[in-house]
Structure formats: structure tokens, C-alpha cells
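# Structure assessment
These are the residues of each chain, in order.
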Amino acid sequence: MFEKKIFKKIAIVLSVVAIICFLYLAVSAAYFWISAGLDYTIENGFDEPLCTMLRDEYHITVPSDAEFIKGKFFKGTNDPSITLFFKLPANGKEAGEFIDSILGAEVWSGGNGGVNEDDVESFTEMSMEHSRENTEKAYTSLHYTDVKDGYVYVMFSGWRPSMKGVDTKIDW
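Values in this document were obtained by computation on a predicted structure and should not be read as measured data.

Rules used in this analysis
Residues numbered from 1 in each chain as written. Predicted model: local features only at pLDDT ≥ 70, side-chain atom pairs only at ≥ 80, totals over all residues. Heavy atoms only, no water. Core = buried A, V, L, I, M, F, W, Y, C linked by side-chain atoms within 4.5 Å. Buried < 20%, exposed > 50% of the residue type's maximum accessible area, 1.4 Å probe, protein only. Helix = DSSP H or I, 4+ residues; strand = E, 2+ residues; numbered from the N terminus. Polar contact = N/O pair within 3.5 Å; in protein donor to acceptor, adjacent residues only side chain to side chain. Contact = heavy atoms within 4.5 Å. Patch = residues over 30% accessible without salt bridge, like charges linked within 9 Å, V, L, I, M, F, W, Y side chains within 5 Å. Areas by Shrake-Rupley, 256 points an atom, 1.4 Å probe, with all protein chains shown as cover. Salt bridge = Lys/Arg side-chain N within 4 Å of Asp/Glu carboxyl O. Pairing = 2+ DSSP bridges.

### Looking at the nonpolar core
Ranked by size, the top nonpolar core spans 30 residues in total, and within it Leu54 and Phe156 carry the most contacts. Of all the secondary structure elements, the ones that give two or more residues to this core are strand E1 (39-42), helix H2 (48-58), strand E3 (81-89), helix H3 (95-102), strand E6 (141-144) and strand E7 (151-159). Within the second largest apolar cluster, seven residues are counted, among which are Phe85, Val120, Phe123 and Met126.

### Points about the side chain of Lys137
Residue position: Lys137 is located in the loop between strand E5 (130-134) and E6. At a separation of 3.2 Å, a polar atom in the side chain of Lys137 contacts the side chain of Glu57. If sequence neighbours within four positions are ignored, Lys137 has contacts with Glu57, Tyr58, Trp159 and Arg160.

### Notes on a nonpolar patch on the surface
On the surface, a cluster of nonpolar side chains totalling about 400 Å² of accessible area is made up of Ile6, Phe7, Ile10 and Leu14. Mapped onto the fold, Phe7 is located in helix H1 (residues 2-36).

### Quick notes on the side chain of Ser141
Residue placement: Ser141 occurs in strand E6. One polar contact links Ser141 to His143, side chain to side chain, over a distance of 3.3 Å.

### Quick notes on the pairing of E6
By the alternation rule, side chains of E6 split into Ser141 and His143 and Leu142 and Tyr144, which are all buried. Bridge count between E5 and E6: four bridges; the pairing is antiparallel. The partner of Glu133 across the bridge, within E6, is Ser141. The loop that links E5 with its antiparallel partner E6 comprises six residues; one of these, Tyr139, has a positive phi angle of about 60°. When E6 meets E7, the two strands line up antiparallel, connected through four bridges.

This is the structure:
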């Protein structure tokens, strides 16, 4: 009789522990799947990890006088992407000439890169006259304006960035 009570108590304790573990795993999995489909804002602008990633993965050299306007990282489960909007002082150069100086010419060509123009305008709130496509990395493009008020405005969209060390925050 005494053994039955002990086994009953052990069974209850194990059941409670199993339920708690199951709930913990369910909540963790739900959080992972929900947060994986959210946009993350880029917090620190053109810091060293972001500039290094852009140079190494996309062949873009960000000049020190570039002004970061905004950026987001979409952490999709299969297809993460990064979108950046910034402006560069033209310093008397034409837009195309200036863009050529920051891009690795061997992997960038003219083209749209598969980005919808409506998506560009909704993110930048301005029209972009020109675009380049990265021939090494699919779904990667750079859109830019003619010189406006001494600046070239640029929107970069990159596919599957590593984001190692880049500071982001979930944009709820």
C-alpha cells in the first residue's frame, strides 16, 4: 500500500514535469517561427560588421561619408534578406560614376535584380532612376537616384546575408 502511494506521487510529479517541458518547448517553437518571419531594424548604421559583410558578400565598399538613413533585416526561415537606404555625397561626380566607384565592377551589371519598383518606393519614399544587379548573388540589387541636392540616394537589397555581428532589433 505504501509503495502504491509513492509510485502515484512519482507519477504525478513526472506528469507535471512533462507538461511543463512540453509547454516550454511549444512556446519556444512558436516564438522561433513567429520571430523568424519578422523584420528586424538595423540598429547601428554603417558600423564595422555591416560594412565588412557588404564588402565581403556583395562587393560594396561603403565610403566613410555615407549617411545611413534606415535598414531592415528580414529573418525568413529559408530566404533572409537585408534592405538598406542611405545617401552618398556626390562630390561633383555623376551618379553612375560615383556608384561605379563603390561597387565591384566584376559582379555588378545593369538590371533590376528582381526587386519590384513599388517595394523600392514604399521603402525609400522616393523614385529611383537607376539600378544594378549583382551577378554573383541572386535577388541582390542596388537602386539609386540621379544627384539630388548634392547626394546620390541608394537602396540596396541583398539576399541571404550572414549578419554576423550586425546589431539588429525586432521591429514589432
